[in-house]
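Structure assessment
One-letter residues, chain by chain:
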Amino acid sequence: MYDGTGNSWYEADIAISGERIERIGNVAGFTAEEEIDVQLLAVAPGFIDIHTHSDNAPFVPELSKGKILQGVTTEVIGNCGMSAYPVNPANAHLLKQYVSSIFGEIEWSWHSLSEYAKVCSSMGMVTNLVPLVGHGAVRIAAMGFEKRPPTTKEMETMKQLVAKTMEEGAFGLSSGLIYPPGVFCSTEELIELSRVGREHGGIYATHMRNESDQVVEAVEETIAIGRSAAIPVQISHHKAAGKQNWGKPKITVAMIKQARANGIDVDMDLYPYTAGSTLLSALLPPWCHEGGVQEMLQRLRDPEIRQKIANDMECGIPGWENIAKNAGWDQVFIASAKYRKELEGKSMKDIARERGQDPVTALCDILIDEEGIATMVIFMMSEDDVRFIMKQSETMIGSDGIPDPGKTHPRYFGTFARVLGHYTRDEKVLCLEDAIRKMTSLPAKKLGLQDRGMIREGSFADLVVFDPNIVADAATYDSPSETAIGFHHVFVNGTPIVRDGEFQLVKKGRFIKKA
């Protein structure tokens with residue numbers, strides 16, 4: 001048994017009663033309705049995915065198979081500034097269009113976190129869900145997609161929305177500073193809102209303002225927010241994108257360690273791949289997004305504006321993370337499309353060549369045709385950097401996965417199995433005890449998540465049983481929905497969801513609110 005603390009494994013029996021662990025060790029004298037023999041297998045706490053976009057998981061429960069069959073029992077939602085709450089009815093259409101590429105086509109019948117949690121709980125969940133409140137959703141509710149600082153009244157509205165959502169159970173505030181409207185905000189705005197999160201015991205989780213040429217400056221800003229707001233910080237999916245930036249994690253990790261030495265609680269997470277995945281529209285310059293999705297699409301129809309986009313993408317804009325230029329069009333692939341499914345899996349370079357277009361023209365046409373609802377996979381990281389970040393004691397594992405039936409990134413189906421198999425058993429980047437700690441007690445401690453993340457008496461019986469000799473990810477970029485192998489049993493709140501490697505669509509997950 002690996003208890004999740006990072007300590008060495010030991011042999012023990014586990015008795016489960018209802019939703020919780022009743023006894024660990026000698027269970028002589030106990031009687032049970034069922035006994036499961038797990039000798040020669042590893043037993044660990046259910047894995048906590050610190051960074052997901054599974055906000056729509058209750059609406060597509062069958063896709064939770066991809067997470068459960070790699071041992072994930074708890075998922076943190078509302079990341080990258082994108083949460084399904086709070087909702088201002090006057091701006092609801094802007095929020096729905098904004099997150100539709102991530103959340104898919106779902107029926108919205110809520111305005112607050114409490115109402116959203118009720119909807120999810122009434123539908124049932126396969127995994128436990130832990131909510132953050134997205135800065136993007138808060139800003140849209142208060143001021144739409146305006147490219148300007150908030151007025152005093154709007155700032156007060158945002159602070160009230162954050163406070164109310166924290167009171168309703170959010171575990172912290174998230175930001176997505178390469179996406180609109182987060183890209184339009186100042187450091188001071190984030191500090192003010194983070195102080196509200198701090199007052200309610202929350203964390204600040206951020207997709208930083210830049211993960212490429214200015215990644216060092218972005219880490220400086222993030223640490224400054226943590227220092228000024230006195231709030232624990234989580235740097236999401238830390239990376240250095242673009243060949244010219246490979247190796248910079250040695251600088252940024254040193255900054256994080258120094259910040260911790262100075263009393264600032266900064267941690268990070270990563271996914272074990274050299275490609276990322278996000279909205280296809282994230283390739284566009286920030287000014288394209290002002291006013292929301294419909295105004296963006298209207299701009300893309302204008303030939304003069306298209307030329308300006310092409311010029312900005314070629315020459316760059318100070319402070320803007322020019323993703324396509326950093327990676328190259330041959331490294332950008334369509335992951336999901338609303339209508340043109342034949343585009344999925346193709347690179348933008350190949351699509352442009354097939355159409356007889358330049359890549360910017362092809363990009364604009366695709367976004368118009370897809371009504372802005374499309375995602376991409378983009379190769380931009382160094383394997384050496386992935387390994388270096390993974391080794392750090394401050395690093396947790398987060399999939400950044402999107403429940404999407406398209407040609408999505410394999411991380412949704414493979415992240416945790418890949419760390420355990422490829423990076424731990426085969427490559428020896430981590431030892432098994434530490435790999436499990438990064439997936440269990442470390443994220444639980446960061447979130448302040450009680451009674452999960454460790455195997456101990458009285459804790460919820462979220463448990464995973466796997467064979468460390470064969471555990472492996474099967475999902476690839478060509479076949480991203482292949483489930484992991486080597487997982488024998490997975491329990492969520494005391495109920496087996498995986499039995500002898502077979503997934504059962506049983507909804508025993510909980511919507512967990514911060515106490």
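Each remark here, short or long, concerns the structure printed above.
The structure presented is a predicted model; accordingly, all values stated were derived computationally and were not measured. (Residues numbered from 1 in each chain as written. Predicted model: local features only at pLDDT ≥ 70, side-chain atom pairs only at ≥ 80, totals over all residues. Heavy atoms only, no water.)

Remarks on the overall build of the protein chain
What the protein chain contains, in helices and strands, is 17 helices and 19 strands. Relative to its length of 515 residues, the protein chain is compact, with a C-alpha radius of gyration of 22 Å against a globular reference of 24 Å. With respect to the three principal axes, the spread of C-alpha positions in the protein chain is 80 × 50 × 45 Å. Counting the 515 residues in the protein chain, one finds 62% classified as buried. A fraction of 77% describes how many contacts in the protein chain between residues 6 or more apart in sequence connect residues 24 or more apart. For the protein chain, the exposed surface amounts to about 19,200 Å²; the carbon and sulfur share of it is 48%. For the protein chain, the centre of its 53 positive side-chain charges and the centre of its 69 negative side-chain charges are spaced 3 Å apart. (Helix = DSSP H or I, 4+ residues; strand = E, 2+ residues; numbered from the N terminus. Rg over C-alpha atoms; globule rule 2.2 N^0.38 Å. Buried < 20%, exposed > 50% of the residue type's maximum accessible area, 1.4 Å probe, protein only. Contact = heavy atoms within 4.5 Å. Areas by Shrake-Rupley, 256 points an atom, 1.4 Å probe, with all protein chains shown as cover. Lys, Arg positive; Asp, Glu negative; His and termini not counted. Charge placed at Lys NZ, Arg CZ, Asp CG, Glu CD.)

What to know about the sheet that holds strand β14 (residues 374-379)
Ordered in space as β12-β14-β13, the 3 strands form an open sheet in which the pairing is antiparallel. One side of each edge strand has no neighbouring strand; the edge strands of this open sheet are β12 (275-279) and β13 (332-337). Averaged over all pairs of adjacent strands, the angle between their axes in this sheet comes to 25°, without regard to strand direction. As paired elements, β13 and β14 share 5 bridges and run antiparallel to each other. (Pairing = 2+ DSSP bridges. Axes fitted to C-alpha atoms, helices over the stretch in contact; angles between N-to-C directions.)

Here's the deal with the packing of aromatic side chains
Counted by the stated rule, this structure contains 14 aromatic pairs. With centroids separated by 5.1 Å and ring planes inclined at 25°, the aromatic side chains of W108 and W110 adopt a geometry described as stacked. Across this residue pair, the class does not change: W108 and W110 are buried. Centroid distance F333 to F379: 5.8 Å. Interplanar angle 80°. Geometry classified as edge-to-face. Of this pair, F333 sits in strand β13 while F379 sits in strand β14; the two residues are 46 residues apart in sequence, bridging distant segments of the chain. The ring of Y271 carries the charged tip of R411 above its face, separated from the ring centre by 4.5 Å. Directly above the ring of F460 sits R452, whose terminal nitrogen or CZ lies 4.0 Å from the centroid. (Phe/Tyr/Trp six-rings, centres within 6.5 Å; stacked < 30°, edge-to-face > 60°. Lys NZ or Arg CZ within 6 Å of the ring centre and 35° of its normal.)

So, the layout of surface pockets
In this structure, the largest pocket occupies an estimated 1,300 Å³ of space. Every residue lining the largest pocket is counted, 36 residues in all, and those nearest its centre are D13, I14, A15, I36 and V38. Among the secondary structure elements, those contributing two or more residues to the lining of the largest pocket are β1 (13-17), β3 (42-45), β16 (463-466) and β18 (495-499). If you tally residues by element for the lining of the largest pocket, the top one is β1, at 5 residues. For the lining of the largest pocket, the residue count by class is 22 nonpolar, 6 polar and 8 charged. (1 Å grid on protein atoms, 1.4 Å probe; cavity = no way out; pocket = protein on both sides within 12 Å on 5 of 7 lines; lining within 4 Å. Points joined across faces, edges and corners; volume = space filled by probe spheres on them. Nonpolar A, V, L, I, M, F, W, Y, C, P; charged D, E, K, R; others polar.)

Some words on the environment of P150
Tracing the backbone shows P150 in the loop between α4 (135-143) and α5 (152-167). A C-alpha to C-alpha distance of 51 Å links P150 and E502, two positions 352 residues apart in sequence. Each residue touching P150, except ones within four places of it in the same chain, is listed here: R139, M143, M155, M158 and E189.

Description of the nonpolar core
Counting residues in hydrophobic clusters, the biggest one holds 142 residues, and the most contacted among them are F47, L283, L420 and F466. Apart from the residues within four sequence positions on either side, F47 is in contact with Q70, G71, V72, T73, T74, F416, L420, M439, T440, V464, F466 and F487. (Core = buried A, V, L, I, M, F, W, Y, C linked by side-chain atoms within 4.5 Å.)

Concerning helix α14 (residues 383-391)
For α14, every residue scored as buried is listed here: D385, V386, I389 and M390. Buried residues of α14, seen end-on, are gathered within an arc of 130° and therefore sit on one face of the element. Summarising the contacts, the buried residues of α14 are in contact with α8 (249-261), β11 (266-270), β15 (395-397), α15 (411-426) and α16 (432-439). Where α14 begins, one side-chain oxygen reaches toward the backbone nitrogen of D384, 3.1 Å away; that side chain belongs to S382. (Arc of directions from axis to C-beta. Polar contact = N/O pair within 3.5 Å; in protein donor to acceptor, adjacent residues only side chain to side chain.)

Comments concerning unusual backbone geometry
The step from Y85 to P86 runs through a cis peptide bond, and the omega angle for that step is -5°. By the element assignment, P86 lies in the loop between β5 (72-77) and α2 (92-103). Residue P180 is joined to P181 through a cis peptide bond whose omega torsion reads 0°. Checked against the element boundaries, P181 lands in the loop between β8 (172-176) and α6 (187-199).

Thoughts on the side chain of N493
Mapped onto the fold, N493 is located in the loop between β17 (487-492) and β18. Within the structure, the side chain of N493 is placed 3.0 Å from the side chain of N128, a separation counted as a polar contact. At 2.8 Å, the side chain of N493 forms a polar contact with the side chain of R452.

Quick notes on the sheet that holds β8
Read from one edge to the other, the open sheet built from 6 strands follows the order β7-β8-β9-β10-β11-β15, with strand pairing classed as parallel. Two strands close off the open sheet at either side, each with one partner strand: β7 (133-134) and β15. Pairing analysis gives 3 bridges linking β11 to β15, with the strands arranged parallel. Across the sheet, residue D269 finds its bridge partner in β15, namely M396. Packing against the sheet, helix α7 (residues 215-229) makes contact with β9 (203-207), β10 (233-235) and β11, and its axis sits at approximately 165° to β10. Contacts between α8 and the sheet are confined to β10 and β11, with β11 contributing the most and set at about 145° to the helix.

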